[in-house]
Amino acid sequence: MKDREQLINKKRIVIKIGSSSLTHSETGDLNLAKVEKLVRAISDLKGQGKEVVLVSSGAIAAGRQALGHQKKPDTLARKQAFAAVGQARLMMVYQKLFAEYNQTAAQVLLTKQTMLNDGSRYNAQNTFEELLNLGTIPIVNENDTVSTAEIPYVDTFGDNDRLSAVVAALIGADLLILLSDIDGLYSDDPRSNPDAKFIPVVYEIDSKLLSMGKATSGSDVGTGGMSAKLEAARIATDSGTDMVIANGEDVAVIQEIMEGQEKGTLFFAHKNRDFDLMSYLNYEY
């Protein structure tokens, strides 16, 4: 429990929520009740004096809903078109709901090229700092309308797990919370192996741990499996950010984590003196 108590005083927090945690499993449509609960939880953190950045998936799912398509897009052009429609709708929902709690949401769309270019990365960092200084809640997503998502990890982050870790490193976050469709890290996939053991705390990410990751997702609307989350944990912890993977089925878990309760898997930061964000971005996983 002492390990978890350290999370209570974290001030700058990045929260990532995936498509599977924001949509109805039956239809893939946005779950507005859950989005509202997420907004309320983040607004409450703001009320406690914390800075929060939200990395939110869901643009393509929102586009599917708006255009009346049930299936996941199977071409790059359609995926980007759905994202163009859905990102606008998603931000409209967020801005309306945050306004009800007297909070201001700001949209930040990133590409991997933004981070690779020294000038644009510096500008992005300054923008985040100013948005947080102004008391806003930056809502981040990859710019799927222009990124070439069919070329994994070359022009894209690949998924919002890695993107959220990059954002956490960029802004010097104290804590990264990844909300997923699983309770945390297991020794194997608990959905297929009932003997899989839950791992509550990770002090070091080694090759054995990385081998536990699965490159699959349990949802038809998400993209990031456990391997992506472990790679995100490497970026976050090496940059000096603690990270928690937890189940986003009930977003009240955010407050439970911040209260020091034993929820999810906690990855302890171990600031790497040689940490270089560019080396992670240039590395093809």
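No experiment lies behind these values; they were computed from the predicted model shown. (Residues numbered from 1 in each chain as written. Predicted model: local features only at pLDDT ≥ 70, side-chain atom pairs only at ≥ 80, totals over all residues. Heavy atoms only, no water.)

Quick notes on the pattern of salt bridges
Filter applied, for reference: Think of a salt bridge as a Lys or Arg side-chain nitrogen and an Asp or Glu carboxyl oxygen that are within 4 Å of each other. Counting from the N terminus, the helices are DSSP H or I runs at least four residues long and the strands are E runs at least two residues long.
One pass over the full model with this rule turns up 10 salt bridges. In this structure, the salt-bridge partner of E51 is R12, at a minimum N-O distance of 2.7 Å. Of this pair, E51 sits in strand β2 (residues 51-56) while R12 sits in strand β1 (residues 12-17), and the two are 39 residues apart along the sequence. Taking the shortest distance from any N to any O, the salt bridge between R12 and E129 comes out at 2.7 Å. Taken as a pair, R12 in strand β1 and E129 in helix α7 (residues 118-133) lie far apart in primary sequence, 117 residues in all. Residues joined by salt bridges that share partners form a network here, namely R12, E51 and E129.

Thoughts on the nonpolar core
Definition in use: Among buried residues, the Ala, Val, Leu, Ile, Met, Phe, Trp, Tyr and Cys ones that are joined through side-chain atoms within 4.5 Å form a nonpolar core. Throughout, exposure labels follow a simple rule: accessible area from a 1.4 Å probe, protein chains only, divided by the maximum for the residue type, with under 20% read as buried, over 50% as exposed, and the rest as partly exposed.
Within the largest apolar cluster, 44 residues are counted, with the highest numbers of intra-cluster contacts made by V14, L110, F128, V140, V167, M243 and F267. In this structure, V35, V39, Y94 and M258 belong to the second largest nonpolar core, which totals 36 residues.

Section: the confidence of the model for the protein chain
We count it as follows: Scored from 0 to 100, pLDDT reflects the predictor's confidence in each residue. Any two residues whose heavy atoms approach within 4.5 Å at even a single point are treated as in contact.
Of all residues in the protein chain, 88% have pLDDT values of 70 or greater, and the mean over the chain is 86. Across residues 149-155 the pLDDT falls below 50, and counting only partners more than four positions away or on other chains, this stretch makes 18 contacts in the model. Considering only residues more than four positions removed or in separate chains, one finds that residues 215-224, a stretch of pLDDT under 50, has 26 contacts.

A word on the pairing of strand β9 (residues 242-247)
So the rule is basically this: When DSSP locates at least two bridges between a pair of strands, those strands are taken to pair.
Of all the 6 residues making up β9, 5 are buried; the element is thus mostly covered by neighbouring parts of the structure. Note: strand β5 (residues 175-180) against β9, 6 bridges, orientation parallel. Pairing of L178 across the sheet is with I245, part of β9.

Quick word on the packing of aromatic side chains
In plain terms, the rule: Pairing of aromatic rings covers Phe, Tyr and the six-membered ring of Trp, with a centre-to-centre limit of 6.5 Å; geometry is then stacked below 30 degrees between planes, edge-to-face above 60, and tilted otherwise.
A full pass over the atoms with the stated rule returns 3 aromatic pairs. Centroid distance Y186 to F198: 5.2 Å. Interplanar angle 65°. Geometry classified as edge-to-face. Linking Y186 in strand β6 (residues 185-186) with F198 in strand β7 (residues 198-199), this pair joins segments that are 12 residues apart in sequence. Among the residues examined, Y186 registers a relative accessible area of 16% and is labelled buried.

Structural notes on helix α5 (residues 76-100)
Residues spaced three or four apart along an α-helix face the same direction, because each turn holds 3.6 residues. To keep it simple, the criterion reads: One less than the number of residues in a helix, times 1.5 Å, gives the span that helix is expected to have. Bend at a residue means the angle formed by two fitted axes: the first through the 7 residues ending at that position, the second through the 7 residues beginning there.
Compared with the 36 Å implied by 1.5 Å per residue over 25 residues, the 36 Å span of α5 between its first and last C-alpha is a close match. The largest bend in α5 comes to about 25°, at G86. Of all the positions in α5, only Q80, F82, A83, G86, Q87, L90, M91, V93, Y94, L97 and F98 are classed as buried. Following α5 by one or two positions, N102 adopts a phi angle in the positive range, close to 60°.

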